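If you want the building blocks of each chain, they are given just below.
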Amino acid sequence: MGLQPRNREGRSVDPVPFLVVTGLAFMILLSFGPLYGQALGVALEIAIGVSFGLFLVLSVAAYYWQVWTARPADVSAPASVRGVRLFYLMAVLAALGVVLALPFLR
């Protein structure tokens, strides 16, 4: 019996997609952001601050998109299609991690 997020119409919304997007944004931005910032000559404190600021902006955007304006009744894709989409998304995220790490492999 926890707090269930609600959209602007007052209906309950599944919080998992929002939490996954927010967690991935945190992981990617605060893992690679300071490294790239320092590579560009920015001080570590500023690079961390900018990365955290971008994380906050992405979190607010994800909340607006996946919670506030979500319509739970409009989910029409069957589970098999959603599973295939999830598999492709995992492949894209793995490729993104490799591409982001390439400049640091020396």
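Because the structure is a prediction, the values reported are computed rather than measured. (Residues numbered from 1 in each chain as written. Predicted model: local features only at pLDDT ≥ 70, side-chain atom pairs only at ≥ 80, totals over all residues. Heavy atoms only, no water.)

*Asks:* So, the side chain of Asn 7: which residues are in play, and what are the values?
*Replies:* In this fold, Asn 7 is placed in the segment before helix 1 (16-39). On the basis of relative accessibility, which here comes to 4%, the residue Asn 7 falls in the buried class. Beyond its immediate sequence surroundings of up to four residues, Asn 7 is in contact with Val 13, Val 67, Trp 68, Ala 70, Arg 71 and Pro 72. (Helix = DSSP H or I, 4+ residues; strand = E, 2+ residues; numbered from the N terminus. Buried < 20%, exposed > 50% of the residue type's maximum accessible area, 1.4 Å probe, protein only. Contact = heavy atoms within 4.5 Å.)

*Asks:* How would you summarise the pattern of salt bridges if you had to cite specific residues and measurements?
*Replies:* As enumerated under the stated definition, the model contains two salt bridges in all. Note that Glu 9 is salt-bridged to Arg 11, the shortest N-O span being 2.8 Å. Taking relative accessible area as the criterion, Glu 9 reaches 45% and is therefore assigned partly exposed. The salt bridge partner of Arg 71 is Glu 9, with a shortest N-O separation of 3.8 Å. (Salt bridge = Lys/Arg side-chain N within 4 Å of Asp/Glu carboxyl O.)

*Asks:* Help me get a handle on the packing of helix 1 against helix 2 (residues 44-68), residues and values and all.
*Replies:* Between helix 1 and helix 2, the shortest axis-to-axis distance is 8 Å and the interhelical angle comes to 160°. Here helix 1 lies roughly antiparallel to helix 2, going by the angle between them. Crossing of helix 1 over helix 2 shows right-handed handedness. Looking at the contact of helix 1 with helix 2 residue by residue, the classes come out as 18 nonpolar, seven polar and no charged. (Axes fitted to C-alpha atoms, helices over the stretch in contact; angles between N-to-C directions. Parallel < 35°, antiparallel > 145°, perpendicular 65-115°, else oblique. Left-handed = near helix turned anticlockwise from the far one by under 90°. Nonpolar A, V, L, I, M, F, W, Y, C, P; charged D, E, K, R; others polar.)

*Asks:* Residue-level account of the side chain of Ser 59, with values.
*Replies:* Note that Ser 59 resides in helix 2. Leaving out residues up to four positions away in the same chain, Ser 59 has contacts with Phe 18 and Thr 22.

*Asks:* Help me get a handle on the packing of aromatic side chains, residues and values and all.
*Replies:* Within the structure shown, the criterion is met by five aromatic pairs. For the pair Phe 26 and Phe 55, a centre-to-centre distance of 5.2 Å together with 75° between the ring planes defines the contact as edge-to-face. Placement of Phe 26 in helix 1 and of Phe 55 in helix 2 is noted, with a sequence separation of 29 residues between them. Residue Phe 26 is classed as partly exposed on the basis of its relative accessible area, which comes to 41%. For Phe 55, a relative accessible area of 11% translates into the label buried. Plain terms: the ring middles of Phe 52 and Phe 55 are 5.7 Å apart, the flat faces sit at 45° to each other, and that makes the pair tilted. Of this pair, Phe 52 and Phe 55 both sit in helix 2, three residues apart, roughly one helical turn. Through pairs of rings, three or more aromatic residues link up here, namely Phe 26, Phe 52 and Phe 55. (Phe/Tyr/Trp six-rings, centres within 6.5 Å; stacked < 30°, edge-to-face > 60°.)

*Asks:* Would you mind going over a nonpolar patch on the surface in detail, with residue names and values included?
*Replies:* Nonpolar side chains collect at one region of the surface, where Val 84, Leu 86, Phe 87, Tyr 88, Leu 89, Met 90 and Val 92 lie side by side and expose about 720 Å² of accessible area between them. Structurally, the position occupied by Leu 89 is in helix 3 (residues 79-101). Of the residues examined, Leu 89 reaches a relative accessible area of 45% and is grouped as partly exposed. (Patch = residues over 30% accessible without salt bridge, like charges linked within 9 Å, V, L, I, M, F, W, Y side chains within 5 Å. Areas by Shrake-Rupley, 256 points an atom, 1.4 Å probe, with all protein chains shown as cover.)

*Asks:* Can you lay out the packing of helix 1 against helix 3 for me, pointing to particular residues and giving the numbers?
*Replies:* It is the contact of helix 1 with helix 3, at a shortest axis distance of 11 Å, that shows an interaxial angle of 10°. Relative to helix 3, the element helix 1 is oriented roughly parallel. Where helix 1 abuts helix 3, its residues Leu 24, Ile 28, Phe 32 and Tyr 36 lie against Leu 93, Leu 96, Gly 97, Val 99, Leu 100 and Ala 101. Class assignment of the residues belonging to the contact of helix 1 with helix 3 gives a composition of nine nonpolar, one polar and no charged.

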